[in-house]
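Structural overview for review
If you want the building blocks of each chain, they are given just below.
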Amino acid sequence: MQQRIAVISGKGGVGKSTISACLAVEMAARGKRVLLVDCDIGLRSLDMILGVDEHVLFSWADAALGRCTIKQAVLPFGGIHLLCAPLAGEDALEEDALAQLMTTCGDYDVVILDAPAGIGFGYRCAVLAADRALVVCTADPVCVRSAALAGTKALRMDVRDVRLVINRFDRKIALQRRHLAIDEIIDQTELQLIGVVPQQSQLFFQTSNANALEANLVTQAVAQIAGRLAGENIPLVVPNAV
């Protein structure tokens, strides 16, 4: 059965697109056929994160509006396919356009929809196309409040399973009470935790030969999230940041 996972947040700059890209690569490493969809209309970034921006010809809006086929719009990166957001043209799209397009993507085992920050049009497009959601937030109180709102709205839009991913977490800083602790974040968002991604000083994509991400604490944490999404019983351990 295909999984469609919207990766959402309230506040921008929380590393949501990086988490989406890492998750797609890790799912592909598990033998899944993965489609990664950038839903940030006008401000897409996954093509640059993956290093394929010079090869973009079409967006998912082109496919939704009949200007090209899905096969023409997707870009391969390693074991995944990327479907880019349009740089403009939001007014020509209905909110359910992406959801309708996803019904034609049955060849994929997993569809990961990287929503823009906030709860605007792109967010609604992604959530309407999903049956699960990951809410990404850092331990900043402002980010946690906006993540709670994004998660609540996804539940009201009938997403059946909404989980919390805490990103860039530094246990030492939490112990010093300089940002929220994990239990506080869970309590304030009222979401079930599926993974904690530690603070990592650097994260590299090997774009020259389209290989997987360089292994580090971030990719290890995201690999565990991928396993939990697949139903594996993986204990949640918070590593130290580096």
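**Some remarks on the overall build of the protein**
On a plain count of helices and strands, the protein comes out with 10 helices and 8 strands. Scaling as 2.2 N^0.38, a compact globule of 242 residues should have a C-alpha radius of gyration of about 18 Å, and the protein matches this with 17 Å. Residue burial in the protein is summarised as follows: out of 242 residues, 55% are buried. Within the protein, contacts between residues at least 6 apart in sequence are counted, and of these 77% link residues at least 24 apart. A total accessible area of about 11,000 Å² is found for the protein, and carbon and sulfur atoms account for 49% of it.

**Concerning the sheet that holds strand β5 (residues 110–114)**
What the 8 strands build is an open sheet, ordered β3-β4-β2-β5-β1-β6-β7-β8; its pairing is mixed. A single partner strand is all that each edge strand has here, and the edge strands are β3 (75–77) and β8 (192–198). Neighbour-to-neighbour, the strand axes of this sheet turn through a mean angle of 25°, independent of strand direction. Where strand β2 (residues 34–38) and β5 come together, 5 bridges link them in parallel fashion. Bridged to L35 within β5 is V111. Together, β1 (3–8), β6 (132–137) and β7 (161–169) form the strand contacts of helix α7 (residues 141–156), whose direction differs from that of β6 by roughly 170°.

**Regarding the packing of helix α6 (residues 121–128) against α7**
Between α6 and α7, the least distance of the axes is 10 Å, while the angle of their chain directions is 45°. Considered as vectors, α6 and α7 are oriented oblique to each other. The two elements α6 and α7 meet at a crossing, and its hand is right-handed. For the pair α6 and α7, the contacting residues are Y123, R124 and V127 in the first and A150, K153 and A154 in the second. Partitioning the contact of α6 with α7 into residue classes produces 4 nonpolar, no polar and 2 charged.

**So, the environment of S9**
Mapped onto the elements, S9 comes out in the loop between β1 and α1 (16–29). Of the polar contacts made by the side chain of S9, one reaches the backbone oxygen of K11; its length is 3.0 Å.

**Observations concerning the pattern of salt bridges**
This model, assessed by the stated rule, comprises 8 salt bridges. Residue R33 is joined to D109 by a salt bridge in which the shortest nitrogen-to-oxygen separation is 2.8 Å. With R33 in the loop between α1 and β2 and D109 in the loop between α5 (97–102) and β5, this pair connects stretches of sequence that are 76 residues apart. Judged by relative accessible area, R33 falls into the partly exposed class, the value being 46%. For D109, a relative accessible area of 23% gives the class partly exposed. Across the pair D62 and R67 runs a salt bridge, and its minimum N-O distance is 3.0 Å. A network of salt bridges, in which partner residues are shared, links R132, D161 and R163.

**Some details on the pairing of β5**
A regular strand carries its side chains on alternate faces of the sheet. β5 sits mainly inside the fold: 5 of its 5 residues count as buried. Both faces of β5 are covered, namely the face carrying V110, I112 and D114 and the face carrying V111 and L113. Sheet analysis places β1 next to β5, joined by 5 bridges and oriented parallel. By the bridge assignment for β5, I5 is matched with I112.

**Considerations on the confidence of the model for the protein**
On average, residues of the protein carry a pLDDT of 87, and 91% of them reach 70 or more. Contacts of residues 202–213 to residues separated by more than four positions or lying in other chains number 26 contacts, the stretch itself having pLDDT below 50.

Definitions and limits used
Residues numbered from 1 in each chain as written. Predicted model: local features only at pLDDT ≥ 70, side-chain atom pairs only at ≥ 80, totals over all residues. Heavy atoms only, no water. Helix = DSSP H or I, 4+ residues; strand = E, 2+ residues; numbered from the N terminus. Rg over C-alpha atoms; globule rule 2.2 N^0.38 Å. Buried < 20%, exposed > 50% of the residue type's maximum accessible area, 1.4 Å probe, protein only. Contact = heavy atoms within 4.5 Å. Areas by Shrake-Rupley, 256 points an atom, 1.4 Å probe, with all protein chains shown as cover. Pairing = 2+ DSSP bridges. Axes fitted to C-alpha atoms, helices over the stretch in contact; angles between N-to-C directions. Parallel < 35°, antiparallel > 145°, perpendicular 65-115°, else oblique. Left-handed = near helix turned anticlockwise from the far one by under 90°. Nonpolar A, V, L, I, M, F, W, Y, C, P; charged D, E, K, R; others polar. Polar contact = N/O pair within 3.5 Å; in protein donor to acceptor, adjacent residues only side chain to side chain. Salt bridge = Lys/Arg side-chain N within 4 Å of Asp/Glu carboxyl O. pLDDT = per-residue confidence, 0-100.

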